[in-house]
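Here are the chains, one letter per residue:
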Amino acid sequence: MSILRNRIKRVRKRINSDPWEYDKKGRAIVEINVSDADSLMSVYDSDGKEVLSNETANFIDNAIKGIPPKKELHLYVACESYTKDKEQLYRNAIINYYVNEFADKDEKMKSNWIWSSILLIVAFLGFGILYALDLGGVMYTVSYLLDIGFWVLAWEAVDIMVLQQRELRHEQKKDLKIIFSTITFNRLEIPEEDEE
């Protein structure tokens, strides 16, 4: 058991050690090195709105996981095939992707609110009907089962309203952090191998 505790302590120490580099303004730096700048982009776009590829977005999402929530971001993108004229295109692709993610979560939150409200109303109406009818005697088992069913509906409503909404809000904060991050592009210099 002490081996497990020691491992847990080492992992927690590593988590709390703040391994991030920061720029002069205190923003956490996330480095993205890619050989072809166009590989940052999705092969699809809609109405001229370029978006980031899912693979790149997953990389960014994983790279920022340990950054303290109050810290701002500085995405530093280094590409071999970088050209200055496409910089704004790549920046817009990153921003468009996370704006779309934010909007999707917004829709989910609205839908969750509606469904949880409906479930709560049905549950409370059910409780009211059960109380008003006061089913006893022979119908005791049926009323007991209905009571359990209405409690399940009420719990689902609370779960959707409180727990799932909180998770979506947390994800939206992450999206906003990336949308309003500083994004810098540079050419990736690959050292040439010496021939002997």
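Residues numbered from 1 in each chain as written. Predicted model: local features only at pLDDT ≥ 70, side-chain atom pairs only at ≥ 80, totals over all residues. Heavy atoms only, no water.

Trainee: Run through a nonpolar patch on the surface, naming residues and quoting values.
Mentor: Residues Tyr140, Tyr144, Leu145, Ile148 and Val152 make up a contiguous nonpolar surface patch of roughly 530 Å² in combined accessible area. Along the chain, Ile148 falls in helix α4 (residues 140–179). On the basis of relative accessibility, which here comes to 39%, the residue Ile148 falls in the partly exposed class. (Patch = residues over 30% accessible without salt bridge, like charges linked within 9 Å, V, L, I, M, F, W, Y side chains within 5 Å. Areas by Shrake-Rupley, 256 points an atom, 1.4 Å probe, with all protein chains shown as cover. Salt bridge = Lys/Arg side-chain N within 4 Å of Asp/Glu carboxyl O. Helix = DSSP H or I, 4+ residues; strand = E, 2+ residues; numbered from the N terminus. Buried < 20%, exposed > 50% of the residue type's maximum accessible area, 1.4 Å probe, protein only.)

Trainee: An account of the nonpolar core is requested, with residue identities and associated values reported.
Mentor: Grouped together as the largest cluster of nonpolar side chains are 28 residues, with contacts concentrated most on Leu40, Leu52, Ile60, Ile94, Tyr98, Ile178 and Phe185. Those elements that provide at least two residues to this core are β1 (28–34), β3 (49–52), α2 (54–63), β4 (73–79), α3 (87–133), α4 and β5 (182–187). The element contributing the most residues to this core is α3, with five residues. Residues contacting Leu52, with those up to four places away along its chain left out, are Leu40, Met41, Ser42, Ala57, Ile60, Ala93, Ile94, Tyr97 and Tyr98. Counting residues in each nonpolar core, the second largest holds five residues, with Ala123, Phe127, Phe150 and Ala154 among its members. (Core = buried A, V, L, I, M, F, W, Y, C linked by side-chain atoms within 4.5 Å. Contact = heavy atoms within 4.5 Å.)

Trainee: Pulling in residues and values, what's your account of the packing of aromatic side chains?
Mentor: What characterises a pair of aromatic rings is the spacing of the ring centres plus the angle enclosed by the ring planes. A full pass over the atoms with the stated rule returns five aromatic pairs. Seen in terms of ring centroids, Tyr97 and Tyr98 are 5.0 Å apart; in terms of plane orientation they differ by 75°. Their pairing is edge-to-face. Of the residues examined, Tyr98 reaches a relative accessible area of 0% and is grouped as buried. Between the aromatic rings of Phe124 and Phe127, the centroid separation amounts to 6.4 Å while the plane-to-plane angle is 55°, which identifies the pairing as tilted. Separated by three residues within a single helix, Phe124 and Phe127 lie in helix α3, roughly one turn from each other. Accessibility expressed as a relative area gives 54% for Phe124, which makes it exposed. Using a relative accessible area of 19% as the deciding quantity, one classes Phe127 as buried. Members of the aromatic cluster, each reached through a chain of ring pairs, are Phe124, Phe127, Phe150 and Trp151. The ring of Tyr22 carries Lys71 above its face, with NZ or CZ at 4.8 Å from the centroid. (Phe/Tyr/Trp six-rings, centres within 6.5 Å; stacked < 30°, edge-to-face > 60°. Lys NZ or Arg CZ within 6 Å of the ring centre and 35° of its normal.)

Trainee: Outline the sheet that holds β5, supporting the account with residue identities and numerical values.
Mentor: Taken in spatial order, the three strands make up an open sheet running β1-β4-β5, and their pairing is parallel. Looking at which strands have only one partner, the edges of the open sheet turn out to be β1 and β5. Here the strands of the sheet are splayed against their neighbours by 20° on average, with no regard to which way each runs. Examined bridge by bridge, β4 and β5 share six bridges and lie parallel to one another. The partner of Tyr76 across the bridge, within β5, is Thr184. (Pairing = 2+ DSSP bridges. Axes fitted to C-alpha atoms, helices over the stretch in contact; angles between N-to-C directions.)

Trainee: Talk me through the pattern of salt bridges; I want residue IDs and the actual numbers.
Mentor: Oppositely charged side chains can form a pair if their charged atoms are brought close together. Scanning the entire structure with this criterion turns up 11 salt bridges. Its salt-bridge partner being Asp23, residue Arg27 comes within 2.6 Å of it at the nearest N-O pair. With respect to class, Arg27 is no different from Asp23; both count as buried. Ionic pairing is found between Lys86 and Asp38, a salt bridge with its closest N-O pair at 3.6 Å. Note that Lys86 is positioned in the loop between β4 and α3 and Asp38 in the loop between β1 and β2 (41–46), a separation of 48 residues in sequence. Taken together, the salt bridges that share partners define one network made up of Asp61, Glu101, Lys105, Glu171, Lys174 and Asp175.

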